[in-house]
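Coordinate inspection notes
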Amino acid sequence: MLRQLELVERVKSYDPDVDEDALNRAYVFVTNAHGHQRRASGDPYYSHPIEVAGILTELKLDEATILTALLHDIVEDTDTPVSKIEELFGGHVARLVDGVTKLSQLELKSERSKQAENFRKLFMAMSQDIRVLLVKLADRLHNMRTLRFISSEEKRRRIAKETMEIYVPLAERIGLHRFKEELEDLSFKELNPDARDSILTRLGFLKEKGEDLTQRIIDRLNRDMAEAGLEAWVSGRIKTPFSIWGKMQKRNVAFEQLSDIMAFRIVVKSVPDAYQALGILHSRYPVVPGRFKDYISTPKPNGYKSLHTGLIGPEQHRIEVQIRTREMHEFAELGVAAHWSYKEGVPNTDGRQYRWVRELLDILDHASDPEEFLEHTKLEMFQDQVFCFTPRGEIIALPRGACPVDFAYAVHSDLGDTCVGAKVNGRVVPLRYQLQNGDQVEVMNSRAQTPSPDWEKFCVTGKARARIRRFIRQKKKSEYMELGREVLHRKFKEEGLEATEKGLAGVLGKFRLDGVDDLYAEVGSGNLTGREVMLAVFPGLKEEIRKQKTEPLEKLKPKPQAKHHRANGIPIDGLIPGMAVHYAQCCHPLRGDRIVGIVNTGKGVTVHTIDCETLEAFQDMPERWIDLSWSDDPEGASDMQMGRLHLVVANEPGGLGNLSTVIGKHGGNISNLKFTNRKPDFFEMLVDVEVRDAKHLVDIIAALRATPAVSTVERQRG
Ligand code: MN
């Protein structure tokens, strides 16, 4: 275990200005707080956080990170509250410790391996400060180093699997190659010890046989570069057992010679030098086809840059070579941090490395310059998502702003359809509640429930919205079907005929429909009339029916359940069944006008003419608009509608009498009349007239304009 003085000296070596007192206090505090707790190894528990801090000093991380590492298990494993840490070490460190504690708690919630990808995203999203993630990774690294002390094999395997699935990719994502390789190898050791041992044995054998093969190849490549006048540093090593194993699995080959599993690296001073080094190699050695990769022009998603190539190299050995600049090399080993160090113009210099972490953190804190920092964007990538748990610990990823209904649909369509309420973290919340990262959501459902059109207003996922809309359409269709069936059967009965399924099925082709139900729906919605269908089924009836002057409409009186499709008895297409409908009092829409509906919570739908001034107030609420059109259903075609006129009439004897005579003569019926302004010369008034449709009202307006007593006449709008 790292002694107190050693730890402080290590941090001082790269940060001479570090607050030694704080480090000393934290060291003593953590020793006392964990007291007599023990690790599986028998060591005192506090040796663990101290080792974790030690690991992070190797990355030359800042004071706050080292303090957080020391204190990372305090809240979880002792009765020390976060407030105590704040009091002793400040709010900054307390927040970081709190972040690590939250990650540790989440860790316990999900043990299901298929959740790994979501879990990694959750970690990224929750680690808003990258230091939280760094401490968590170092914590896992130390736990893996001491994994052998855990006696239960099952537990060891579970931890190793979790490491492989969650922490290795996380380390890779932030470019911490050093952690990634060690975590990978430690997991491999637990999960497949036989494979690892056999690879190590084979490696040992090949090394003995090949002696200093690696060094000979390095020397030769160095000479190649020097002869071409290029300044370069060549290194080489045997790949890790896990990566050899992965290669063997992927290509289904065993390795026969050491060169199969050696990796060489050429570090140069600049990007043009890198391409020159590549040119030197490719002109001196045969190239293995398909192995060349240019990650300089197209970096990997985690920011990794290098040139990769495969050669039949010196002494006819197949080798792999990576070519990169020093900056790229730093980045490849340590990730995001290295990216910052070289911008300072002081690559690979002791005492400077921790700086880039500071700068990175600064950027994360203030989000001032995102395009300059790759990893920043990567964290951001997950900020538009929320990750929630089912009661069984599965993680559901949803877009930010999602509600419990979205969650229910994401779990299962049926659960969404029947959802009546939700509990989040044990408390009942409204369905429009916005889910937060880490929420545990329990959906309450009832078989009696069906999707509500209201849900569409606060659901954000495509799946939920599509299901709700589909349900509304289907429900509407089934109501139309019922109505259409009734209409058809009556119509046929009137003529002493029977509407059989077979007979109706025979005419589907004529109407380009797929099924009898569709035919019913078409009739119910007014796209087809009963008469059209009857004539199609019994073409012989044509002559006879044509003799009848009018269609006996009164016999097709709407059924009660058809009422709610209608506004004041006039059918409108596009309405949601079950919603109350009324005409706007501002514009008094008439059949023939272009119309839209505006949804009013609790009041149903108001029908406006498309040019009504009132609509301006709803410009910014597209979700409240519904497209409507007048149905051409024969039912209700003769119903009267109310239109409103604004008139200015001369104040002279017989003026008003004239007015009512003209309206009456043209088939209009005055139902209301109101004076809005009365002057010595003129009356200004509103007149409500019952008319058949918009065109009827236009006829009346024209007639009024031709009347001498009428000065102006307009339809009232808005
Ligand atoms: Mn720990």
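Residues numbered from 1 in each chain as written. Predicted model: local features only at pLDDT ≥ 70, side-chain atom pairs only at ≥ 80, totals over all residues. Heavy atoms only, no water.

Assigned secondary structure in the protein consists of 28 helices and 21 strands. Taking the contacts inside the protein whose residues are at least 6 apart along the sequence as the reference set, 65% of them involve residues at least 24 apart. Just so you have it, the protein exposes about 34800 Å², and 49% of that area is on carbon and sulfur atoms. (Helix = DSSP H or I, 4+ residues; strand = E, 2+ residues; numbered from the N terminus. Contact = heavy atoms within 4.5 Å. Areas by Shrake-Rupley, 256 points an atom, 1.4 Å probe, with all protein chains shown as cover.)

Right, let's talk about helix H15 (residues 271-284) for a bit. Here H15 spans 20 Å end to end across 14 residues, near enough to the 20 Å set by a 1.5 Å rise per residue. Taken together, the buried positions of H15 are Asp273, Ala274, Ala277, Leu278, Ile280 and Leu281. Buried residues of H15 fall within an arc of 160 degrees about the axis and therefore sit on the same side. Facing away from the buried side of H15 by over 90 degrees, the exposed positions are Pro272 and Ser283. Check the buried side of H15 and you find it contacts helix H13 (213-227), strand E2 (262-268), strand E4 (307-312) and strand E5 (318-325). (Expected span 1.5 Å × (residues − 1). Buried < 20%, exposed > 50% of the residue type's maximum accessible area, 1.4 Å probe, protein only. Arc of directions from axis to C-beta.)

Strand order in this open sheet of three strands is E9-E8-E10, and the pairing throughout is antiparallel. The sheet terminates laterally at strand E9 (427-429) and strand E10 (441-445), the two strands that pair on one side only. Sheet twist, expressed as the mean angle between neighbouring strand axes with direction ignored, is 35 degrees. Pairing of strand E8 (residues 419-424) with E10 involves five bridges; the strand directions are antiparallel. (Pairing = 2+ DSSP bridges. Axes fitted to C-alpha atoms, helices over the stretch in contact; angles between N-to-C directions.)

The next point concerns the coordination of the manganese ion. Donor atoms from the polypeptide that coordinate the manganese ion comprise His48 (NE2), His72 (NE2), Asp73 (OD) and Asp139 (OD), at 2.2 to 2.3 Å from the metal. Mapped onto the sequence, the residues coordinating the manganese ion show the spacing H-x23-H-D-x65-D. Remark: Asp139 occurs in helix H9 (residues 130-145) and His72 occurs in the loop between helix H4 (63-71) and helix H5 (74-77); sequence separation between them is 67 residues. The same class applies to His72 and to Asp139, which are both buried. (Donors = N, O, S within 2.8 Å, 3.2 Å for Na, K, Ca; no water.)

Leu56, Leu71, Ile85, Val93, Leu137 and Phe179 are the most contacted members of the largest nonpolar core, which has 59 residues in total. Counting residues in each nonpolar core, the second largest holds 30 residues, with Leu203, Ala232, Ala274 and Leu281 among its members. (Core = buried A, V, L, I, M, F, W, Y, C linked by side-chain atoms within 4.5 Å.)

So, on to the sheet that holds strand E15 (residues 604-609). Strands sit in the order E13-E15-E14-E16 across an open sheet of four strands; the sheet is mixed. The outermost strands of the open sheet, each flanked by one partner alone, are strand E13 (581-583) and strand E16 (625-627). If you compare each strand with its neighbour and ignore which way they point, the axes differ by 35 degrees on average. Pairing of strand E14 (residues 595-600) with E16 involves three bridges; the strand directions are antiparallel. The residue bridging Val596 from the neighbouring strand is Asp627, located in E16.

Let us look at the pairing of E14. Across the six residues that make up E14, a large majority, six, are buried. Taken together, the six bridges between E14 and E15 define a ladder with antiparallel strand orientation. What sits directly across from Val596, in E15, is His608.

Right, let's talk about the pairing of E15 for a bit. For E15, the buried fraction is high: six of the six residues fall into the buried class. Direction of pairing for E13 relative to E15: parallel, over a ladder of three bridges. Bridge pairing links His582 to Thr606 in E15.

So, about the packing of helix H2 (residues 20-34) against H4. Close contact between H2 and H4 brings their axes to 9 Å; oriented N to C, the two are set at 10 degrees. Judged on the interaxial angle alone, H4 and H2 are roughly parallel. Residue-level inspection shows Ala22, Leu23, Ala26, Tyr27, Phe29 and Val30 of H2 in contact with H4, the latter providing Ile66, Leu67, Leu70 and Leu71. Here the residues of the contact of H2 with H4 are counted per class, giving 10 nonpolar, no polar and no charged. (Parallel < 35°, antiparallel > 145°, perpendicular 65-115°, else oblique. Nonpolar A, V, L, I, M, F, W, Y, C, P; charged D, E, K, R; others polar.)

By the definition in use, this model includes six aromatic pairs. Linked through ring pairs, Phe188, Phe242 and Trp245 together constitute an aromatic cluster. Directly above the ring of Trp233 sits Arg326, whose terminal nitrogen or CZ lies 4.6 Å from the centroid. (Phe/Tyr/Trp six-rings, centres within 6.5 Å; stacked < 30°, edge-to-face > 60°. Lys NZ or Arg CZ within 6 Å of the ring centre and 35° of its normal.)

Moving on, we come to unusual backbone geometry. Not every positive phi belongs to a glycine, and Arg512 is a case in point at roughly 50 degrees. A relative accessible area of 76% places Arg512 in the exposed class. If you check the backbone angles, His588 has positive phi at about 45 degrees while not being a glycine.

Attention shifts here to the side chain of Thr65. Looking at where Thr65 falls in the secondary structure, it is placed in helix H4. Residues within four places of Thr65 in sequence aside, it is in contact with Leu56, Arg131 and Val135.

Residue placement: Asp224 occurs in helix H13. With near-sequence residues (within four places) excluded, Asp224 lies in contact with Ile280, Arg284 and Tyr285.

Attention now goes to helix H1 (residues 4-14). Burial in H1 covers these residues: Leu7, Val8, Val11 and Tyr14. The arc that holds the buried residues of H1, viewed along the axis, is 135 degrees, so those residues lie on one side. Along H1, the residues that are exposed and aim more than 90 degrees away from the buried face are Leu5 and Ser13.

What follows deals with the environment of Ile296. Residue placement: Ile296 occurs in the loop between strand E3 (293-294) and E4. It is 9.9 Å that separates the C-alpha atoms of Ile296 and Thr325, two residues lying 29 residues apart in sequence. Setting aside chain neighbours within four positions, we find Ile296 in contact with Val271, Ala274, Tyr275, Lys305, Ser306, Leu307 and Met328.

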